[in-house]
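Overview (structure and organization)
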Protein chains: 2
Amino acid sequence: MDAAAPRTRIQEKNRKAILGAALNVFSEAGFRGATLDRIAAEAGLSKPNLLYYFPSKEAIHVALLTGLLDLWLDPLRTIEPAGDPADEIVGYVLRKLDMARQFPRESKLFANEIVQGAPRIMDIVEGPLKSLVDEKAALIRGWSAAGRIADIDPYHLIFSIWATTQHYADFDAQVHGILGPGDGHFTDAAQFLDHLYRRALAPG
Amino acid sequence: MDAAAPRTRIQEKNRKAILGAALNVFSEAGFRGATLDRIAAEAGLSKPNLLYYFPSKEAIHVALLTGLLDLWLDPLRTIEPAGDPADEIVGYVLRKLDMARQFPRESKLFANEIVQGAPRIMDIVEGPLKSLVDEKAALIRGWSAAGRIADIDPYHLIFSIWATTQHYADFDAQVHGILGPGDGHFTDAAQFLDHLYRRALAPG
DNA sequence: CGTCTCGTTGACCAATTGGTCAATTCTTTG
DNA sequence: CAAAGAATTGACCAATTGGTCAACGAGACG
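Residues numbered from 1 in each chain as written. Chains lettered and ligands numbered in written order. Predicted model: local features only at pLDDT ≥ 70, side-chain atom pairs only at ≥ 80, totals over all residues. Heavy atoms only, no water.

Looking at the protein's contact with DNA strand C
In plain terms, the rule: By convention in these notes, a residue is near a molecule or strand provided one of its non-hydrogen atoms lies within 4 Å of it. The definition of a polar contact used here is a pair of N or O atoms within 3.5 Å, where within protein one atom must be able to donate a hydrogen and the other to accept one, and adjacent residues in sequence count solely through side-chain atom pairs. Going along the chain from the N terminus, every DSSP run of H or I of four or more residues is numbered as a helix, and every run of E of two or more is numbered as a strand. Ten residue types, Ala, Val, Leu, Ile, Met, Phe, Trp, Tyr, Cys and Pro, are classed as nonpolar, four, Asp, Glu, Lys and Arg, as charged, and the remainder, Gly among them, as polar.
Taken together, the neighbourhood of DNA strand C is formed by 18 residues, with Thr8, Pro48 and Tyr53 of chain A together with Leu36 and Lys57 of chain B sitting nearest. At a separation of 2.8 Å, a phosphate oxygen of DNA strand C approaches a polar backbone atom of Leu36 of chain B. Looking at the surface near DNA strand C, the elements that each hand over two or more residues are α1 (9–33) and α3 (47–53) of chain A together with α3 (47–53) of chain B. Classifying every residue of the surface near DNA strand C by side-chain character gives 8 nonpolar, 7 polar and 3 charged.

Following this line, the structure appears as structure tokens:
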């Protein structure tokens with residue numbers, strides 16, 4: 001049975017419920033901190049029933065990570081050679097920031113995994129992710145060489161974009177502890193990051 | 001008995017061994033993933049002996065975090081009103097990056113804690129940390145108002161500095177998965193971040 | 001209706017793990 | 001040296017937790 005192709009309506013419904021609950025629990029508590037009991041409870045299933053749909057805790061985790069990878073990398077993919085370089089990159093920054101706002105649980109899921117050394121997705125990091133980053137880095141480097149943006153290291157540029165945007169999801173406890181609760185910080189962050197990268201990219 | 005004031009030489013030695021081992025284990029596995037057995041083994045003690053020095057797993061964790069807080073916030077403290085604004089801030093960036101290089105375990109320790117919602121240090125975040133950030137934010141805002149640096153949000157500036165620098169410690173698995181192993185990335189990162197912040201801060 | 005697969009669960013298990021305790025050994029000191 | 005206190009440990013415990021299994025219930029389908 002292919003995990004991505006449920007046979008029946010019940011399977012489809014319960015798989016979705018499990019992955020939804022698992023996203024809550026894993027993103028909040030990390031892999032070790034998450035328990036099958038809690039995932040099962042949040043999904044509205046008994047623990048043995050949960051294990052009827054997924055063979056193990058780790059299988060749920062891997063299914064989550066791989067299933068969300070496309071969503072997660074989508075903003076980077078849409079950087080295109082045709083557009084204006086600075087607009088493309090700043091657009092990427094703002095899309096990524098919006099992802100952090102809309103999908104903080106997904107961001108924390110990946111953050112937890114990578115902080116722990118990415119034991120379960122290192123092959124993805126070194127494979128498809130590296131390929132995608134290499135491709136976009138080459139594109140950015142081309143822009144630099146053509147004098148259309150400043151001469152900067154594209155890899156560290158991408159790292160800094162990941163860091164600054166996901167920070168608002170992954171470390172929201174700290175952000176809210178210092179700025180106070182609420183959702184408005186994203187607007188200010190967008191303005192700041194626009195300034196930061198617009199200036200960094202300006203040629204000359 | 002004050003935890004910070006060991007009475008005997010044996011206590012001093014063993015406390016240090018425990019905190020050193022705990023730093024290894026907690027930073028690598030997170031709070032839930034760390035086990036007393038492993039900490040005790042790495043410290044060269046039996047588990048009951050370890051619990052003779054600290055009353056609980058959580059006590060070790062809190063002792064670690066609070067004990068490392070000063071080290072961790074030191075670079076921010078050294079931003080001074082007297083110096084050249086841009087030099088002060090860029091200097092802070094580079095000091096922070098150097099901290100990530102020299103103390104990656106400490107960085108991961110805090111990262112793990114904050115990603116999980118900072119349950120054990122929220123009072124520090126909302127207290128001393130917020131105070132320090134407020135103070136430095138006011139200083140930076142003053143520089144902006146005086147036209148000595150660009151007009152930017154000082155809080156998000158500080159967040160971005162934390163994010164970009166600690167990224168190289170916290171997510172080193174990803175950085176190395178994409179750039180390959182080795183220590184040389186820090187040099188490139190320093191150059192990139194110098195460019196990034198130097199430009200962002202330039203007045204006008 | 002009867003059968004057969006799918007879906008569900010209570011009871012159970014072994015391993016892990018944070019923590020306790022009484023007993024023992026080692027150090028210090030009068 | 002002898003007593004007092006500090007340090008150490010093997011044995012043990014209760015709770016948690018990932019996972020199993022046999023049995024039972026529920027739909028689908030001829």
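Overview of the packing of helix α10 (residues 185–201) of chain A against helix α10 (residues 185–201) of chain B
Geometrically, a packed helix pair is captured by the angle between its two axes and the distance between the axes. We apply this condition: Angular values range over 0 to 180 degrees, each being the angle between N-to-C directions of two axes fitted as lines to C-alpha atoms, with helices fitted over their stretch in contact. To sort the angles, those under 35 degrees are grouped as roughly parallel, those over 145 as roughly antiparallel, those from 65 to 115 as roughly perpendicular, and the leftovers as oblique. Residue contacts are counted whenever heavy atoms from the two residues lie within 4.5 Å of one another.
Close contact between α10 of chain A and α10 of chain B brings their axes to 8 Å; oriented N to C, the two are set at 110°. The orientation of α10 of chain A relative to α10 of chain B falls into the category roughly perpendicular. Between α10 of chain A, through His195, Leu196, Tyr197, Arg199, Ala200 and Leu201 of chain A, and α10 of chain B, the contact on the second element is made entirely by His195, Leu196, Tyr197, Arg199, Ala200 and Leu201 of chain B. Its residues placed into classes, the contact of α10 of chain A with α10 of chain B shows 8 nonpolar, 2 polar and 2 charged.

What about the relation of the copies chain B and chain A?
As a reminder, the rule being used: Copies overlap after least-squares fitting; the atoms used are the C-alpha atoms of residues with pLDDT of at least 70 in both.
Overlaying chain B with chain A gives an RMSD of 0.0 Å, the required rotation being 180° about an axis along which the chain moves by 0.0 Å. In short, the pair behaves as if placed about a two-fold rotation axis. Considering only C-alpha atoms, the residue of chain B closest to the rotation axis is Ala163 of chain B, which sits at 2.6 Å. Most of the interface of chain B is mirrored in chain A, where 100% of its interface residues are also at the interface.

Some details on the protein's contact with DNA strand D
Not every one of the 18 residues close to DNA strand D is listed here, only the nearest: Leu36 and Lys57 of chain A together with Thr8, Gln11 and Tyr53 of chain B. Here, DNA strand D places atoms within 4 Å of the protein, and 60% of those atoms are sugar or phosphate. Leu36 of chain A is positioned such that a nitrogen or oxygen atom in its backbone is 2.8 Å from a phosphate oxygen of DNA strand D. Tyr52 of chain B is positioned with one of its side-chain polar atoms (N or O) 3.0 Å from a phosphate oxygen of DNA strand D. Where the surface near DNA strand D is concerned, the elements lending two or more residues are α3 of chain A together with α1 (9–33) and α3 of chain B. By residue class, the composition of the surface near DNA strand D is 8 nonpolar, 7 polar and 3 charged.

Examining the pattern of salt bridges
Residue and element names in this part refer to chain A. Put simply, the test is: The salt bridge definition used is simple: a Lys or Arg side-chain nitrogen within 4 Å of an Asp or Glu carboxyl oxygen.
Using the criterion set out here, one finds 28 salt bridges over all chains in the structure. For Lys130, the salt bridge is made with Asp134, and the minimal N-O distance between the two is 2.9 Å. Of the two residues, Lys130 and Asp134 both sit in helix α7 (residues 122–145), 4 residues apart, roughly one turn of that helix. Members of the salt-bridge network, linked through shared partners, are Glu28, Arg38 and Glu42.

Let's talk about the interface of chain B and chain A
Threshold: Two parts placed together each lose some accessible area; with a 1.4 Å probe, that loss summed over both constitutes the buried area.
Listed by partner, the interface residues are 53 residues for chain B and 53 residues for chain A. Across the interface of chain B and chain A, roughly 4,700 Å² is buried in total on both sides, 67% from carbon and sulfur atoms. In this structure, the connection of chain B to chain A is made through 0 salt bridges. The interface formed by chain B and chain A includes 17 residue pairs in polar contact (both at pLDDT 80 or more). Breaking the side of chain B that touches chain A down by element, the ones donating at least two residues are α1, α6 (104–115), α7 (122–145), α8 (154–170), α9 (172–179) and α10 of chain B. The leading source of residues in the side of chain B that touches chain A is α8 of chain B, at 11 residues. The residue inventory of the side of chain B that touches chain A, partitioned by class, reads 30 nonpolar, 14 polar and 9 charged.

Side note on the layout of surface pockets
Here is the rule we go by: A 1.4 Å probe that fits into a set of points on a 1 Å grid over the protein atoms alone but cannot get out defines a cavity; an open set with protein on both sides within 12 Å along at least five of seven lines defines a pocket, and lining residues are those with an atom within 4 Å of a point. Grid points are joined across faces, edges and corners, and a volume is the space filled by probe spheres set on the points.
The volume enclosed by the largest pocket comes to roughly 460 Å³. Elements with a contribution of two residues or more to the lining of the largest pocket: α1 and α6 (104–115) of chain A together with α1 and α6 of chain B. In terms of residues, the lining of the largest pocket owes the most to one element, α1 of chain B, which gives 7 residues.

What to know about the environment of Phe192 of chain B
Structurally, Phe192 of chain B can be placed in helix α10. Setting aside anything within four residues of it in sequence, one finds Phe192 of chain B in contact with Ile152, Asp153, His156, Leu157 and Ser160 of chain A.

Focus on helix α5 (residues 85–102) of chain A
Helical geometry: 3.6 residues make up each α-helical turn, so side chains three or four residues apart lie on a common side. All names here are of chain A. How we decide: Every helix has an expected span of 1.5 Å times one less than the residues it contains. Burial classes follow relative accessibility: with a 1.4 Å probe on protein chains only, a residue under 20% of its type's maximum area counts as buried, one over 50% as exposed, and anything between as partly exposed.
In a regular helix each residue adds 1.5 Å, so 18 residues correspond to 26 Å; α5 covers 26 Å between its end C-alpha atoms and thus fits that length. For α5, the set of buried residues is Pro85, Ala86, Glu88, Ile89, Val90, Tyr92, Val93, Lys96, Leu97, Met99 and Ala100. On its buried side, α5 packs onto α4 (57–77), α6, α7, α8 (154–170) and α10.

Quick notes on the packing of aromatic side chains
For the record, the criterion: Side-chain rings of Phe, Tyr and Trp, where Trp is taken by its six-membered ring, are said to pair if the distance between their centres is within 6.5 Å; with planes under 30 degrees apart they count as stacked, over 60 as edge-to-face, and otherwise as tilted. Over a ring means this: the NZ of a Lys or the CZ of an Arg is within 6 Å of the ring centre and within 35 degrees of the ring normal.
All told, the structure shown has 12 aromatic pairs over all chains when counted by the stated rule. Consider the rings of Tyr52 of chain A and Tyr53 of chain A, whose centres lie 5.1 Å apart with planes at 85°: the pair is edge-to-face. Residue Tyr52 of chain A is classed as exposed on the basis of its relative accessible area of 58%. An angle of 55° between the planes, with centres 5.7 Å apart, marks the rings of Phe159 of chain B and Trp162 of chain B as tilted. Pair noted here: Phe159 of chain B and Trp162 of chain B are both in helix α8, with a separation of 3 residues, about one helical turn. Assigned by exposure class, Phe159 of chain B and Trp162 of chain B land together as buried. The structure contains a cluster of three or more aromatic residues connected by ring pairs, namely Phe159 and Trp162 of chain A together with Tyr168 and Phe186 of chain B. Across the ring face of Phe31 of chain A, the terminal group of Arg120 of chain A is positioned such that the distance to the ring centre comes to 3.8 Å.

A few points about unusual backbone geometry
Non-glycine residue Ala118 of chain A carries a positive phi angle of around 55°. Tracing the backbone shows Ala118 of chain A in the loop between α6 and α7.

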